[in-house]
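# Architecture and fold: a report
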Amino acid sequence: MIVDPTDKRLPALMTGIEGIGAGELSTRVPAGTVQDSLSAIINSFNQMAQDLQRSQEQVQTRMKTRTTMLTDAFRKMELMALTDPLTQLRNRAALETVLESSLTEQGVNGSPALLLLDLDSFKSINDTLGHPAGDAVLKVVAERLRDTVRKIDTVARLGGDEFAVVLQDTPAERAKAVSRRIVAVLAEPMNIETTELSVGASVGIAAAMPGDSAADLILHADTAMYTAKNKAAVKVALFEPNLLNARRLHRILAAELQDSIENNEMVLHYQPIVELATGKLLGVEALVRWQHPTRGLVMPDEFIDLAEEIGAMPNLAAWVLQTALARLRQWQQTLELDPRFTVRVNISATQLQRPYLLDDVQRLLLAEGIDPSALVLELTEYSMVTGNEWDLYSFQGLRKLGVGLAIDDFGTGYSSISYLRTLPVDGVKLDRSLIGGPTDGGASRPFIAAILQLVKSCNLAATCEGVETLEQAAMLTELGCETGQGYYFGRPVPAADITSSWLESFQGAPWLAVTAQP
């Protein structure tokens, strides 16, 4: 091919080739009007450039799409890493990030406050209704927390039944008001698997101070929460520096409790249960005490929840049952007991879930040579009416074994005639709150009469605890209550105090001579 050196198309083609080589794919060379070999080469060059440009655009589009997909996937993974999968709330990592950011900006936007809250007795919900029901409760709690706070606030689940709320630009007094509102909202009934539940909560508050880190705020709120949880009638607590010392003592007490049984520090005291129609001693209730080496005698309300918290309850419960039965055998051999004499032992929902409960009870009864009817196990009303299939198996197995079963603290939450008619129990213990104080027996008489009539209609025996006066004993006798328990008849005493002379003190019934006021 001969090309005219003066043809301007040739330099244009060379420039176009250089442009393509430099990555300028939009380069095009004018082919001119002359149809010759150079024109054909230029047209082929332009077609090649167009194909390359189109291919590049397709690659760029695909890369952009893939980049968008990877970015979305990364964001989703990041969100998953910061989200609690059950409740879709933020998790602990996200909470710490929010706290650090809020603390950094607090000079401009005001100081944040952190709320940590823990559900009361959530473990018993899992134990009695099962983990799916527990998960459903957690979802309801999460929804109620979101609805209670502002959109600028952050709600997180830290794990288990522990939640957190970061309140932006919130002073301590407002944080306390929000916490009280949260407690009230969570206490509203919720329907879980045909069971109506009310969930209590304990809230600890930490208002940010200059120099606080996220870790400081979490520690302070957690310390305040333990204060709220471990003090009666306290649902909301604001952190104060002196609480750190109380938390340290709590940890020390937990460590000591773990070793208390091996160190022979646990003791049982026994409170009499009296037949109201005759004054005879029909049994005792075994009540555990902790003989602490430095604190002295510690009452169960100070360590039972702690034992549940640290997982020491199974060993403690087994020790109580074994010790009570061994003591009963000793009394049977040395004292003149009424043939109907029983020892009553409290049993928790956690124990009902133990697969070897029946075997353990039967083994201990056989080891001590005790008739099963001499043992009465008292279970809380809650654990009985919300029990699952395994609990029902335990109930039925204990009944077949011949052990007595009674509802403890009746009247404190789930009282229902349908429950009384269907539960496999022999008796009911009326909670001390039903009888009222020593001076209001007359006022409570119609109420107690109605409850006793309900219990009798279900062919169950009734025991009333909290009897403190002769007048109360007389009223209960007139109303047909079979047995009574309380300080009027006797306070809990160590096993060594239960002697023949102690038994002889339960002779006669002076309350029978008293006419209760209608």
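Let me begin by describing the structure that accompanies this report. (Residues numbered from 1 in each chain as written. Predicted model: local features only at pLDDT ≥ 70, side-chain atom pairs only at ≥ 80, totals over all residues. Heavy atoms only, no water.)

Scanning the model with the defined rule gives 16 salt bridges in all. For the salt bridge of K235 with D120, the shortest nitrogen-to-oxygen distance reads 2.5 Å. Taken together, the residues K235 in the loop between α7 (214-230) and β7 (236-238) and D120 in the loop between β1 (113-119) and α4 (122-129) connect sequence positions 115 residues apart. Measuring nitrogen to oxygen at the nearest pair gives 3.1 Å for the salt bridge that ties D338 to R340. Residue R340 is classed as partly exposed on the basis of its relative accessible area, which comes to 42%. One connected set of salt bridges, linked through shared partners, spans D118, D120, K229 and K235. (Salt bridge = Lys/Arg side-chain N within 4 Å of Asp/Glu carboxyl O. Helix = DSSP H or I, 4+ residues; strand = E, 2+ residues; numbered from the N terminus. Buried < 20%, exposed > 50% of the residue type's maximum accessible area, 1.4 Å probe, protein only.)

This part covers the packing of aromatic side chains. By the definition in use, this model includes 7 aromatic pairs. Consider the rings of Y270 and W331, whose centres lie 4.9 Å apart with planes at 75°: the pair is edge-to-face. Of this pair, Y270 sits in strand β8 (residues 266-275) while W331 sits in helix α10 (residues 313-334), and the two are 61 residues apart along the sequence. Of the two residues, Y270 and W331, neither departs from the other in class, the shared state being buried. On the numbers, 5.3 Å between centres and 80° between planes, the contact of F489 with W511 is edge-to-face. Here the residue F489 occupies a position in the loop between β16 (483-485) and β17 (493-494), and W511 occupies one in the segment after α19 (500-504), the gap between them amounting to 22 residues. Note on F489: relative accessible area 10%, which makes it buried. An aromatic cluster of at least three residues, connected via ring pairs, comprises Y270, W331 and F341. Geometry around Y487 places R491 over its ring, the cationic atom sitting 3.8 Å from the centre. (Phe/Tyr/Trp six-rings, centres within 6.5 Å; stacked < 30°, edge-to-face > 60°. Lys NZ or Arg CZ within 6 Å of the ring centre and 35° of its normal.)

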